[in-house]
Amino acid sequence: MNRIDAAFARQRAAGRAVLIPYVTAGDPSLAATSDIIDSMVRAGADVIELGVPFSDPMADGPVIQRAAERALANGVSLRDVLALAAEVRLRHPSLPLVLMGYANPIEAIGEAAFAEAAQRAGVDGVIVVDDPPEEAGDFTALLRRHGIATIFLVAPTTPPERMETIAKLATGYVYYVSLKGVTGAGHLDTGDVATHVAEIRRHVALPVGVGFGIRDAASAQAIARHADAVVIGSRIIAEIEGGEARDAAARAGAWLSTIRRALDTMPAVEPAAAARAH
Amino acid sequence: MPPRGPREELPIDLPEVSPVREMPDERGHFGPYGGVFVAETLIAALDALKARYLACRDDPAFIAEFERELTHYVGRPSPVYHAERWSRELGGAQIYLKREDLNHTGAHKINNCIGQALVARSMGKRRVIAETGAGQHGVAAATVAARFGMECIVYMGSEDVRRQAQNVYRMGLLGATVVPVESGSKTLKDALNEAMRDWVTNVDTTFYIIGTVAGPHPYPMMVRDFQSVIGRECLTQMPELAGRQPDMVIACVGGGSNAMGIFHPYLAHPGVELVGVEAAGEGLATGHHAASLCAGRPGILHGNRTYLLQDANGQIIETHSISAGLDYPGVGPEHAWLKDSGRARYVAVTDDDALAAFHACCRIEGIIPALESAHALAWAARIAPTLARDRILLVNLSGRGDKDMATVAERSAARH
C-alpha cells in the first residue's frame, strides 16, 4: 500500500479525519519550509501538500500568491522543491508528500523527466491545478507508471457525468474545491459542501479531501463531518508570514495543532464510513 | 494603379480545404497548441460558452445582428488605403493600409467585443469582465457594456494604470470600474490572472470578454472568428482597389488578434505570404522584448499551450515593449501553429524602428498609428524597398495612436 492510501486507512480505522496542510516550498526559505514540515508533522499532519511556486498562480488568492512571490524571489525552482522533498523523505519515511502547482514548471522540465525525478525524490502524489482531465491523460498514465498518485480537483461546478471521467483518472484522493473562488476565499458554505461531497461519493470510490476556505477549528470540524480529509493552505501561510521568519515553523505547528485537536475531539460520528456504507 | 500580378485569378471564396483552416479540433487544439488548461471550476463555464458560441455562429439572426452592429455602431467596413506617397518614397512595393484605426473606439478590439457582448447577452449574463494592457480592449469592453447595458469591470495592471491614464479615464466615462492589479509584474499578464480569479469567483453571473486570440478554448477560435471580418473585407477590397490580392499581409502580434483577424481569411490563399511582427523592444539580444514566437519556447499559461517568454524553470518573465498592447509574454495558440507549420512567418521590430515608422506614417501619410501597428508598418517600410514596384503589401493598421501621445512625447523629450 502506498503512503497516501496508508494514511487514509490508518485515520479511517481510528475514526479521525485526515489533516492535510499546504505550504509553499521556499517561503520564507527552503530551510524554513523543511522546519515547517517537521513542525506540522509533530502537530498531527497526515499528508503534506508542498506548493511549487509559479509566477502566475491563477487559482490562488492573495495569501498564496504572496507566498509564491516570496519563494520565487528566493530563486526557488521545481528542481529545488524536488530536492526538498527528497530531504524531507529521509527524515519522514512514511509521510505522504504531494506536490501541488501549475503545469508550466513541469513542462519546462519535461513530463517524463519530472515523473522520474519525483519518484526518485519520494513524492507520493501530484496535483496540477491547470491540467484538467481533458489535457492530463498521457501525464496521468506516466505518473502512475512511476507509482505517483494523480490527484484531481472537483469543483462545485463539476457535473455528475464529469465526476465519472475524473474517477477514471484519479488515484490517491480527490480534492473537492469547496467554493467557487480562489484559495483562501471567505465564503465557505458547509451545507453546500455536504451535498457535493455526497454526490462525489456516488461517482468516485476514492477518499474525498476538501479545501479552499477552511480557516479555523469550527470550519475544519464542519467539513470533517462530510469529508475524509481537511486541506488547509492560506490560513497556515498567514501564520508563516505573520511574524519573524525564524519562528514560522513554531507558529505554523502551534496553529495546526489546534485544528488537529478540534478534529480529534469531534462528537463520535464517522461520516466518511457512514457515507460509504450505502 | 500598379500592374496586376500573377495571382489575380485567385477566386475570393476558396472552399475551406486547407487543414489549417479547419483548426482547432473539438477540444481547441491547433496541433500541439491551444487546449483548455484551467482549474476545474471553470471547465463547466467554458463548456457552456463553447456550446452557446457554436450555436450563435450558425444562427442567421445572431450573424445578422453582429453585422448590423459592425456596420452602424463600429462603422464597418473599414477602408483600405493605398499609402502612395510613402510607397513612392520607399521606392519599392506598394503599401496598402487596412484602416482599423477608423473604427469606433479607434482600434480593431471593438469587433471582438461586440461579438462577445452578443454572446454574453444570449447567455443572460449582465456582468462582464475584461483584462487590459494599454487600455484599448478595456475601452472597447466598457463601450459595448454601455451599449448593451451591462455592468463592466476591467482589470488593469497598476503599472499600466499609471502609464495609460487617459484610457483609464475613458473607461470611467463609459461607466466601467477599473481595478488596478498589484500582483506580479503589475502588467497585462497579471490583469489576466486577476480577471480569471474574478471569473472563477463569479462564474454563474459573469461573462469574461477576453481581448485576444489566447486563453482557453473556445476563446482563441471565437475571437479569431469575430476578428476575421478584417480579412474578409480585404478579400473584397483588394481586388477592387489594387486589382488583385496582396503578395504579403503584415500585422503586429502581441496576443495576436488583429493579425489572426486579417490572416485567417487569407490562409486558403497560398500565394499570399503572412508575416506577423512582434515587439523586439530594446533588441532580442538584450532580453528586453516581448517576442514570444521569435524568442520564446512552448509552455502553458492562461489556459493554453503556446510560445511563452519564460526562464529555464518555467517561470514567466517580464516583457518589455514601448507598446503596451504588445507587452505580453504569450501569444495566441493558432499563431504558434502557423509558425511551426510555416504558413506564417514571424519577425520582430525594435522600439526604435517602430517609432521611426510611427513618425514616418504621421508625416508622410497624415495618419497617426498606434505604436502596436507601427511595428507592422516598420516591417513593411523595411522590406518595401527590396521589392519590385508591382508587389503589394497589405498592412493591418490595427489602431490609432492618440493613446500613445504621452509615450511618444516622453521618448522624444528623452532624446533631445
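Residues numbered from 1 in each chain as written. Chains lettered and ligands numbered in written order. Predicted model: local features only at pLDDT ≥ 70, side-chain atom pairs only at ≥ 80, totals over all residues. Heavy atoms only, no water.

(A) How the structure looks around the overall build of chain B. Secondary structure assignment for chain B yields 16 helices and 14 strands. For a compact globule of 416 residues, the expected C-alpha radius of gyration is about 22 Å, and chain B comes in at 20 Å, within 12% of that figure. Counting only C-alpha atoms and orienting by the principal axes, one finds that chain B spans roughly 55 × 55 × 45 Å. By the burial criterion, 65% of the 416 residues in chain B qualify as buried. Counting 41 positive and 48 negative side-chain charges, chain B places the centres of these two groups 2 Å from one another. (Helix = DSSP H or I, 4+ residues; strand = E, 2+ residues; numbered from the N terminus. Rg over C-alpha atoms; globule rule 2.2 N^0.38 Å. Buried < 20%, exposed > 50% of the residue type's maximum accessible area, 1.4 Å probe, protein only. Lys, Arg positive; Asp, Glu negative; His and termini not counted. Charge placed at Lys NZ, Arg CZ, Asp CG, Glu CD.)

(B) Inspection of the packing of helix H1 (residues 40–57) of chain B against helix H8 (residues 188–201) of chain B at higher detail. Residue and element names in this part refer to chain B. Relative orientation of the contacting elements H1 and H8 amounts to 80°, with a least axis distance of 9 Å. As the angle between them shows, H1 and H8 are arranged roughly perpendicular. The residues of H8 that touch H1, namely those facing Thr 41, Leu 42, Ala 45 and Leu 46, are Met 196, Trp 199 and Val 200. Residue composition of the contact of H1 with H8, grouped by class: six nonpolar, one polar and no charged. (Axes fitted to C-alpha atoms, helices over the stretch in contact; angles between N-to-C directions. Parallel < 35°, antiparallel > 145°, perpendicular 65-115°, else oblique. Contact = heavy atoms within 4.5 Å. Nonpolar A, V, L, I, M, F, W, Y, C, P; charged D, E, K, R; others polar.)

(C) Spatial organisation of unusual backbone geometry. Cis geometry is adopted by the peptide bond preceding Pro 28 of chain A, which originates at Asp 27 of chain A and carries an omega value of 0°. Turning to its location among the elements, Pro 28 of chain A is positioned in the loop between strand S1 (18–24) and helix H2 (30–42). Backbone torsion omega between Arg 76 of chain B and Pro 77 of chain B reads 0°, so that peptide bond is classified as cis. Counting through the fold element by element, Pro 77 of chain B comes out in the loop between helix H2 (60–74) and strand S3 (80–82). Positive phi, normally seen in glycine, also occurs at Phe 212 of chain A, with a value near 75°. With respect to the secondary-structure elements, Phe 212 of chain A resides in the loop between strand S8 (208–211) and helix H10 (217–224). Positive phi outside glycine occurs at Thr 105 of chain B, with the angle close to 75°. For Thr 105 of chain B, the position within the fold is in the loop between strand S4 (94–99) and helix H4 (109–122).

(D) Spatial organisation of the interface of chain A and chain B. Every contact between the two is made by 36 residues of chain A and, on the other side, 37 residues of chain B. Across the chain A/chain B interface, buried area totals approximately 2,900 Å², and carbon plus sulfur atoms make up 49% of it. The largest per-residue losses of area from chain A upon contact with chain B belong to Asp 56, Met 58 and Glu 135 of chain A, which jointly make up 22% of the total buried on that side. Inspection of the chain A/chain B interface yields four salt bridges. Across the salt bridge formed by Lys 180 of chain A and Asp 204 of chain B, the nearest N and O atoms sit 2.6 Å from each other. The tally of links between chain A and chain B comes to 21 residue pairs in polar contact (both at pLDDT 80 or more). Residue assignment for the side of chain A that touches chain B shows that the elements contributing at least two residues are helix H3 (62–73), helix H5 (103–109), helix H7 (133–145), strand S6 (153–154) and helix H8 (160–169) of chain A. Sort the elements by how many residues they give to the side of chain A that touches chain B and H5 of chain A lands first, with five residues. (Buried area = accessible area lost by both parts, 1.4 Å probe. Salt bridge = Lys/Arg side-chain N within 4 Å of Asp/Glu carboxyl O. Polar contact = N/O pair within 3.5 Å; in protein donor to acceptor, adjacent residues only side chain to side chain.)

(E) Broad picture of the side chain of Ser 39 of chain A. On the secondary structure map, Ser 39 of chain A appears in helix H2. Once you skip the residues sitting within four places of it in the chain, Ser 39 of chain A turns out to touch Ala 249, Ala 250 and Gly 253 of chain A.

(F) The arrangement of the pairing of strand S10 (residues 273–281) of chain B in detail. Residues and elements named next belong to chain B. Most of S10 sits inside the fold, with eight of its nine residues counted as buried. By the bridge criterion, five bridges tie strand S9 (residues 248–252) to S10 in an arrangement that is parallel. Bridging from a neighbouring strand, Ala 251 pairs with Gly 276 of S10. With respect to chirality, the unit in which S9 leads through helix H11 (residues 257–263) into the neighbouring parallel S10 is right-handed. (Pairing = 2+ DSSP bridges. Right-handed = clockwise from strand over helix to strand, strands pointing away.)

(G) Main features of the sheet that holds strand S3 (residues 97–101) of chain A. Residues and elements named next belong to chain A. Overall, parallel pairing links the nine strands, which are arranged S5-S4-S3-S2-S1-S9-S8-S7-S6 in an open sheet. With one partner strand each, in any of the chains shown, strand S5 (149–150) and S6 form the two edges of the open sheet. The pairing of S3 with strand S4 (residues 125–128) spans four bridges and is classified as parallel. Each residue of the ladder has a partner; that of Leu 99, found in S4, is Val 126.

(H) Region of interest: the pattern of salt bridges. All names here are of chain A. All told, the structure shown has 44 salt bridges over all chains when counted by the stated rule. With a closest N to O distance of 3.5 Å, Arg 10 and Asp 46 form a salt bridge. Residue Arg 10 is found in helix H1 (residues 3–14), and its partner Asp 46 is found in the loop between H2 and strand S2 (48–51); the two are separated by 36 residues along the sequence. In this structure, the salt-bridge partner of Arg 91 is Asp 38, at a minimum N-O distance of 2.8 Å. Remark: Asp 38 occurs in helix H2 and Arg 91 occurs in helix H4 (residues 78–91); sequence separation between them is 53 residues. By relative accessible area, Arg 91 is classed as partly exposed at 36%. Of the residues examined, Asp 38 reaches a relative accessible area of 15% and is grouped as buried. Beyond isolated ion pairs, a larger network of salt bridges with shared partners links Arg 10, Arg 16, Asp 46, Arg 260 and Asp 264.

(I) Focus on the packing of aromatic side chains. Scanning all chains against the criterion turns up eleven aromatic pairs over all chains. Judged by centre distance (5.4 Å) and plane angle (40°), the rings of Phe 8 of chain A and Tyr 173 of chain A are tilted. In this pair, Phe 8 of chain A is assigned in helix H1 and Tyr 173 of chain A in the loop between H8 and strand S7 (174–177), connecting sequence segments 165 residues apart. Across the pair, Tyr 173 of chain A and Phe 8 of chain A agree in class, each one buried. For the ring pair Phe 66 of chain B and Phe 226 of chain B, a centre distance of 5.1 Å and an interplane angle of 55° mean the geometry is tilted. Placement of Phe 66 of chain B in helix H2 and of Phe 226 of chain B in helix H9 (residues 219–227) is noted, with a sequence separation of 160 residues between them. Among the aromatic residues, those joined into a cluster by ring pairs are Tyr 53, Phe 62, Phe 66 and Phe 226 of chain B. When the ring centre of Tyr 73 of chain B is taken as reference, the NZ or CZ atom of Arg 147 of chain B above it lies at 5.6 Å. Across the ring face of Phe 148 of chain B, the terminal group of Arg 147 of chain B is positioned such that the distance to the ring centre comes to 4.8 Å. (Phe/Tyr/Trp six-rings, centres within 6.5 Å; stacked < 30°, edge-to-face > 60°. Lys NZ or Arg CZ within 6 Å of the ring centre and 35° of its normal.)

(J) Looking closely at the pairing of strand S11 (residues 297–301) of chain B. All names here are of chain B. Both S11 and strand S12 (residues 303–308) contribute to a ladder of five bridges, which runs antiparallel. Bridge pairing links Arg 297 to Leu 308 in S12. Count of turn residues in the S11/S12 antiparallel hairpin: one residue, of which His 302 carries a positive phi of about 50°.

(K) How the structure looks around the confidence of the model for chain A. For chain A, per-residue confidence averages 94 on the pLDDT scale, and 96% of positions sit at 70 or higher. pLDDT under 50 marks residues 273–278 of chain A. Its contacts with residues more than four places away, or in other chains, come to seven contacts. (pLDDT = per-residue confidence, 0-100.)

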